[in-house]
Amino acid sequence: MTDTGSLHLLRTDDVDKHRQLILDIHVEVRTQFGLMDDPFNAVDRFDERLTSYASRDGWEVIIAYQDDEPAGYIFGSPLVRGSLWWSSMREPQPDDFTHETGSRTFAVQEVLVREAFRGTAGAGTSRLLHETLLAERTEERATLLVDPTRSNGRLKAVYESWGYRDIGAQQPFADSPVFATMLRDPLHQ
């Protein structure tokens, strides 16, 4: 566990040991934002995605704790050869852009922070989790998806302040929102 002042960060790839905690935070945070009525956010659908993500080579999660209280988490994995990440882009990207090697692009698949541990735009626990996750990564770039309609675009603006840019829209699941696809290139900024 890493100590970062008042927060302690646990980095692991053991999804089974931490699955219930991840699910509990998912429900708590998504309920606060009124998103649990959306079938895409249902616990069983999220757990299916979590299982799929965690089965990928290089997947890891970082869980933040303050005084033994879970504050939030972030997880992701590298995009492997043949990854479908770019396949649902509304405007297809060039082959040289979407060609994945397993060491080119790291996908941030989820970052959630409980209300009591949220900071202001561009700061706080989510930024710490994000930068800690990427700090040890050797990929060239990072990508993530964000629903640009949530929080009047403020969340998208936070990611932009972290060095991401919007490269287009995609809907990776039939029941998911249309997400803005964000790219941070280079990975370390």
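The name given to the protein chain in an unreviewed UniProt entry is Acetyltransferase, with the source organism recorded as Streptomyces graminofaciens.

### What about the pattern of salt bridges?
The full count for this structure, using the stated rule, is 18 salt bridges. Residue Glu110 pairs with Arg30 through a salt bridge whose shortest N-O separation is 2.9 Å. You can see Glu110 sitting in strand β5 (residues 105-113) and its partner Arg30 sitting in helix α1 (residues 15-32), a full 80 residues away along the chain. When its relative accessible area of 11% is taken as the criterion, Glu110 is described as buried. Judged by its relative accessible area of 14%, Arg30 is buried. Where Glu69 meets Arg114, a salt bridge forms, and the shortest distance between an N and an O atom there is 2.8 Å. Taken together, the positions of Glu69 in strand β4 (residues 69-78) and Arg114 in the loop between β5 and α4 (125-135) put the pair 45 residues apart, joining distant regions of the chain. Look at Glu69 and you get partly exposed, because its relative accessible area is 36%. It is possible to trace a salt-bridge network through shared partners that takes in Arg11, Glu60, Glu136, Arg137 and Glu139.

### Side note on the environment of Ala64
Assignment of secondary structure puts Ala64 in strand β3 (residues 60-66). Between the alpha carbons of Ala64 and Ser6 there is a distance of 10.0 Å; along the sequence they are 58 residues apart. Setting aside residues up to four positions removed in sequence, Ala64 forms contacts with Leu7, His8, Leu9, Glu69, Pro70, Ala71, Gly72, Thr125 and Leu129.

### Let's talk about the nonpolar core
In terms of nonpolar packing, the biggest core is built from 24 residues, with Tyr159 and Tyr164 touching the most fellow members. For this core, the secondary-structure elements that each account for two or more residues are β2 (7-12), β3, β4, β5, α4, β6 (141-146), α5 (154-161) and β8 (179-184). Top contributing element to this core by residue count: β5, with 4 residues. One finds Leu23, Tyr53, Tyr73 and Phe75 within the second-largest nonpolar core, a separate group that totals 17 residues.

What counts, and at which threshold
Residues numbered from 1 in each chain as written. Predicted model: local features only at pLDDT ≥ 70, side-chain atom pairs only at ≥ 80, totals over all residues. Heavy atoms only, no water. Salt bridge = Lys/Arg side-chain N within 4 Å of Asp/Glu carboxyl O. Helix = DSSP H or I, 4+ residues; strand = E, 2+ residues; numbered from the N terminus. Buried < 20%, exposed > 50% of the residue type's maximum accessible area, 1.4 Å probe, protein only. Contact = heavy atoms within 4.5 Å. Core = buried A, V, L, I, M, F, W, Y, C linked by side-chain atoms within 4.5 Å.

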